Amino acid sequence: MMSTDLTIKTMNRAEVDIAVEWAADEGWNPGLHDADCYYATDPKGFLIGYLGQEAIATISVINYSESFGFLGFYIVKPEYRGQGYGMAIWNAGIQSLEGHNIALDGVVTQQENYKKSGFKFAYSNIRYQGNGGGQVPGKANLVELSELAFATIAAYEQPFFPANRSHFLRRWIEQPDSRALGIIKDGELAGYGVIRACRSGCKIGPLVADDPQIAENLFLALKATVAPSDFIYLDIPAVNQAAIDIAKRYNMQASFETARMYTGNTPNIPLHKVFGVTSFEIG
């Protein structure tokens, strides 16, 4: 069969579970409730390719605004790779975001292919793996995000993303099997982080803060919610050395790397305040 036999359609909610399951098979370790959060962000932003009745290819193309989109879940079932099906669904996804600055977090082996499609390297993200446990730092002015007005959280988060994603953010910080904490300094929110249960262990993301000390206190507080025997993961922009120093200080090891790439200009995001990426699949 050739790629012309591929039928591409918008996913329904149940089909998003297929993409998440394939992501787990690829070792991406999705969160237990990622599908709900992602799908609600843009129900039209997930494409799936079928050969007859068999799903064989997926891609997500989240339309965040008139000018910015994010691409993820680009997966073809292993037995159908190298036959043109990936390029077919890729082209459909890119076309759906025509006119947007499109971002992705690409695995190292695919970076050259993404460059051929017009993506430009911005910086690397490195996944660090360690263990939970430890003590919550004292006198850190920690608060549950649920105690704050959502508008306060959304306003703090806005500089860290190229488009308004408050609809996604609300679901993300309220998802089951998670903990969302902030730190107050001088009466203002000065950082926040979320830890969520994944197929293996827990991921911290996002982790954003005004300075490294606030970030470390949030990291320790989130880390303490997980058993010492369980794994935790933190995806760090490689350009933030202070974040890498925190990970190494608590014996976390680099385990995976992606490249953040954009089709347009790299957005002006204060990466020195980004200590943990929200998600490689949705930005």
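Here the residue index of a chain counts from 1 through its sequence in written order. At least 70 in pLDDT is required for a residue's local features to be given in this predicted model, at least 80 for side-chain atom pairs to be given and counted, and no such filter applies to totals for whole chains, interfaces and linings, which use all residues. Hydrogens and waters are ignored; side-chain quantities use all the structure's heavy atoms.

## Some points on the side chain of Asn 101
Inclusion rule: A run of DSSP states H or I qualifies as a helix once it reaches four residues; a run of E qualifies as a strand once it reaches two. Both are numbered from the N-terminal end. Counting of polar contacts relies on pairs of N or O atoms within 3.5 Å, with two restrictions inside protein: one atom must be capable of donating a hydrogen and the other of accepting it, and residues adjacent in sequence are counted only when both atoms are side-chain atoms. Any two residues whose heavy atoms approach within 4.5 Å at even a single point are treated as in contact.
Structurally, Asn 101 can be placed in strand E5 (residues 101-107). From its side chain, Asn 101 meets the backbone nitrogen of Thr 263 in a polar contact 3.5 Å long. If near-sequence neighbours (up to four positions away) are discounted, Asn 101 is found in contact with Ser 67, Phe 68, Gly 69, Tyr 262, Thr 263, Gly 264, Asn 265 and Pro 267.

## Remarks on empty space enclosed by the protein
Counted only if it meets this: A cavity, in this analysis, means grid points on a 1 Å lattice covering only the protein atoms where a 1.4 Å probe fits yet has no way out; a pocket is instead an open set bounded by protein on both sides within 12 Å along at least five of seven lines, and a residue lines either one if it has an atom within 4 Å of a point. Grid points are joined across faces, edges and corners, and a volume is the space filled by probe spheres set on the points. Amino acids are sorted into nonpolar (Ala, Val, Leu, Ile, Met, Phe, Trp, Tyr, Cys and Pro), charged (Asp, Glu, Lys and Arg) and polar (every other residue, Gly among them).
Under the counting rule described, the total for this entry stands at 2 cavities of 30 Å³ or more. Considered as a void within the structure, the largest cavity measures approximately 190 Å³ in volume. In terms of lining, the largest cavity is formed by 19 residues, of which the most central are Phe 160, Phe 161, Arg 165, Val 274 and Thr 278. Of all elements in the fold, only strand E10 (202-209), strand E12 (253-262) and strand E13 (274-276) reach the threshold of two or more residues within the lining of the largest cavity. Its residues placed into classes, the lining of the largest cavity shows 13 nonpolar, 3 polar and 3 charged. Estimated volume of the second largest cavity: approximately 50 Å³.

## Overview of helix H1 (residues 13-25)
For the record, the criterion: To estimate how far a helix should reach, multiply one less than its number of residues by 1.5 Å. In this scheme, a residue with accessible area under 20% of its type's maximum is buried, one over 50% is exposed, and one in between is partly exposed, where area comes from a 1.4 Å probe on protein chains only. As used here, the arc is the angular range of directions from the helix axis to the C-beta atoms.
For H1, built from 13 residues, the straight-helix expectation of 18 Å at 1.5 Å per residue is met to within 8% by its first-to-last C-alpha distance of 19 Å. Regarding H1, the residues found buried are Glu 15, Val 16, Ala 19, Val 20, Trp 22 and Ala 23. For H1, the angular spread of buried residues about the axis comes to 160°, placing them on one side. Away from its buried face by more than 90 degrees, H1 exposes Ala 14 and Asp 25. As for H1, its buried residues are in contact with strand E1 (7-10), helix H2 (34-41), strand E2 (46-51), strand E3 (54-63) and strand E4 (68-76). A side-chain oxygen of the first residue of H1 lies 3.1 Å from the backbone nitrogen of Ala 14; this N-cap is Asn 12.

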